[in-house]
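Remarks on the overall topology
Residues per chain are reported as follows:
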Amino acid sequence: LGSKRFPNKVIRFIYGLPMIEHVRRRAILSNIFNKILIVSNSILIKKKLSSFKSKTILTKKKHFNGTSRVSEIAKKFNYDYGFVLFADEPFININMLKKCSKVLNKNKNVSVFNVVTNLKNGDMKSPQVVKSYINNKGYIIDYFRNSQNYYIKKNLKKSTGLLIIKKKILIKFSLLKIKLKEKKLKIEQFRFLENEIPIKSIFFKDIYPSINNKKEFNDLLKLIKKDRKEQNNLKKIKAIEY
């Protein structure tokens, strides 16, 4: 709720539902999860979502990032991989979640995945967009916000908020040392890389972005109005009785 550019954004209503509830319902529609939890330090979020019968777990107040917050409760449940979905990506692709589940089954030796997508006009110049540099084996070897001209363009992708993490790694995430690049760039994926935990990329084309400010919020709603698939998804989302 403390976004400086767009206060209380995750409880802003979109098509009759709070932004965060759209994410939860898309997770439900993917039909790949045995448990879906809201993890927050906000009593207000818990109250807002109680009418939708969501399971909300309150954590301690301060965390450096969302993955750290999830790490606090990670050992309480039985699972192989945890999907960390962020509440400011209300139009996360349902089929993408399904495909990610299939990727896990083929790569059980990998501990951390990060979904990436193609860069669009203006992304390279925007410090709000986290860029990733991927090697020829599909592993992410660096993240950055400002343009890095020495990287090969074809290996550059936009990092999304979707992280998929093995239970044992997710449990110890908050215990891993915070090092130089994470502190400087405020990119939580460096917690893995700087502690020598590889991150494998999963690529999907043309993913709808997260919402960082009111302009992005309004621009995204305009795009969704023109997207027939998303309009059909919205009908399914509204029909869920949870």
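Look up: the structure comes first, before these words.
The structure reproduced in this document is the subject of the present report. (Residues numbered from 1 in each chain as written. Predicted model: local features only at pLDDT ≥ 70, side-chain atom pairs only at ≥ 80, totals over all residues. Heavy atoms only, no water.)

Describing the overall build of the protein chain
Along the backbone of the protein chain there are 9 helices and 10 strands. For 242 residues, the compact-globule formula gives about 18 Å, and the C-alpha radius of gyration of the protein chain, at 17 Å, lands near that figure. Seen through its C-alpha atoms, the protein chain measures out along the principal axes to roughly 50 × 40 × 35 Å. Of the contacts formed within the protein chain by residues at least 6 apart in sequence, a portion of 66% connects residues at least 24 apart. A total of about 13,800 Å² of accessible surface is found on the protein chain, and carbon and sulfur atoms cover 51% of it. Mean positive and mean negative side-chain charge positions of the protein chain (56 and 17 charges, respectively) differ by 2 Å. (Helix = DSSP H or I, 4+ residues; strand = E, 2+ residues; numbered from the N terminus. Rg over C-alpha atoms; globule rule 2.2 N^0.38 Å. Contact = heavy atoms within 4.5 Å. Areas by Shrake-Rupley, 256 points an atom, 1.4 Å probe, with all protein chains shown as cover. Lys, Arg positive; Asp, Glu negative; His and termini not counted. Charge placed at Lys NZ, Arg CZ, Asp CG, Glu CD.)

Looking at the pairing of strand E9 (residues 156-166)
Extensive coverage of E9 is indicated by the burial of 10 of its 11 residues. Bridging between strand E5 (residues 81-84) and E9 involves 4 bridges; their strand directions are antiparallel. Across the sheet, residue Gly 82 finds its bridge partner in E9, namely Ile 165. When strand E6 (residues 112-117) meets E9, the two strands line up antiparallel, connected through 5 bridges. (Buried < 20%, exposed > 50% of the residue type's maximum accessible area, 1.4 Å probe, protein only. Pairing = 2+ DSSP bridges.)

Quick look at the pattern of salt bridges
All chains considered together, the criterion is met by 8 salt bridges. Measuring nitrogen to oxygen at the nearest pair gives 2.7 Å for the salt bridge that ties Arg 25 to Glu 21. Remark: Glu 21 and Arg 25 occur in helix H1 (residues 19-30); sequence separation between them is 4 residues, near one turn of the helix. Overall, Arg 25 belongs to the buried group, its relative accessible area being 5%. Residue Arg 191 is joined to Glu 182 by a salt bridge in which the shortest nitrogen-to-oxygen separation is 2.7 Å. (Salt bridge = Lys/Arg side-chain N within 4 Å of Asp/Glu carboxyl O.)

Here we look at the packing of H1 against helix H4 (residues 94-106)
For the pair H1 and H4, the least separation of the axes is 9 Å and the interaxial angle reads 55°. Accordingly, the angle class assigned to the pair H1 and H4 is oblique. Our pair here, H1 against H4, has a crossing hand that is right-handed. Contacts between H1 and H4 involve Arg 26, Ala 27, Leu 29 and Ser 30 on the former and, on the latter, Ile 94, Leu 97 and Lys 98. For the contact of H1 with H4, the class distribution of residues is 4 nonpolar, 1 polar and 2 charged. (Axes fitted to C-alpha atoms, helices over the stretch in contact; angles between N-to-C directions. Parallel < 35°, antiparallel > 145°, perpendicular 65-115°, else oblique. Left-handed = near helix turned anticlockwise from the far one by under 90°. Nonpolar A, V, L, I, M, F, W, Y, C, P; charged D, E, K, R; others polar.)

Observations concerning the side chain of Thr 59
The topology assignment puts Thr 59 in the loop between strand E4 (56-58) and helix H3 (66-73). On the basis of relative accessible area, Thr 59 is assigned to the buried category, the value being 10%. Of note is the side chain of Thr 59, whose polar atom sits 2.7 Å from the side chain of Arg 69. If near-sequence neighbours (up to four positions away) are discounted, Thr 59 is found in contact with Val 39, Ser 40, Asn 41, Arg 69, Glu 72 and Ile 73. (Polar contact = N/O pair within 3.5 Å; in protein donor to acceptor, adjacent residues only side chain to side chain.)

Comments concerning the environment of Leu 193
In this structure, Leu 193 sits in helix H7 (residues 190-193). Along the primary structure Leu 193 and Tyr 150 are separated by 43 residues, whereas in three dimensions their C-alpha atoms are 20 Å apart. Excluding anything up to four places from it in sequence, Leu 193 contacts Ile 140, Ile 141, Asp 142, Tyr 143 and Ile 199.

A look at helix H9 (residues 228-239)
Over its 12 residues, H9 extends 17 Å from the first C-alpha to the last, a length consistent with the 16 Å expected when each residue adds 1.5 Å. Where H9 starts, the residue carrying a side-chain oxygen 3.0 Å from the main-chain nitrogen of Lys 229 turns out to be Asp 227. (Expected span 1.5 Å × (residues − 1).)

Focus: the packing of aromatic side chains
This structure, assessed with the given rule, holds 9 aromatic pairs. Each ring, one from Phe 33 and one from Phe 83, has its centre 5.0 Å from the other, and the planes form 80°; the classification is edge-to-face. Taken together, the residues Phe 33 in the loop between H1 and strand E3 (38-40) and Phe 83 in strand E5 connect sequence positions 50 residues apart. Consider the rings of Tyr 133 and Tyr 151, whose centres lie 4.2 Å apart with planes at 15°: the pair is stacked. A residue pair is termed long-range when its members are at least 10 positions apart, and Tyr 133 in strand E7 (residues 131-134) and Tyr 151 in the loop between strand E8 (139-144) and E9 qualify at 18 residues. Judged on exposure class, the residue Tyr 133 and its partner Tyr 151 are both buried. Three or more aromatic residues joined by ring pairs form one cluster here, namely Tyr 133, Phe 144, Tyr 150 and Tyr 151. Positioned above the aromatic ring of Tyr 79, the side-chain terminus of Lys 167 is 5.3 Å from the ring centre. (Phe/Tyr/Trp six-rings, centres within 6.5 Å; stacked < 30°, edge-to-face > 60°. Lys NZ or Arg CZ within 6 Å of the ring centre and 35° of its normal.)

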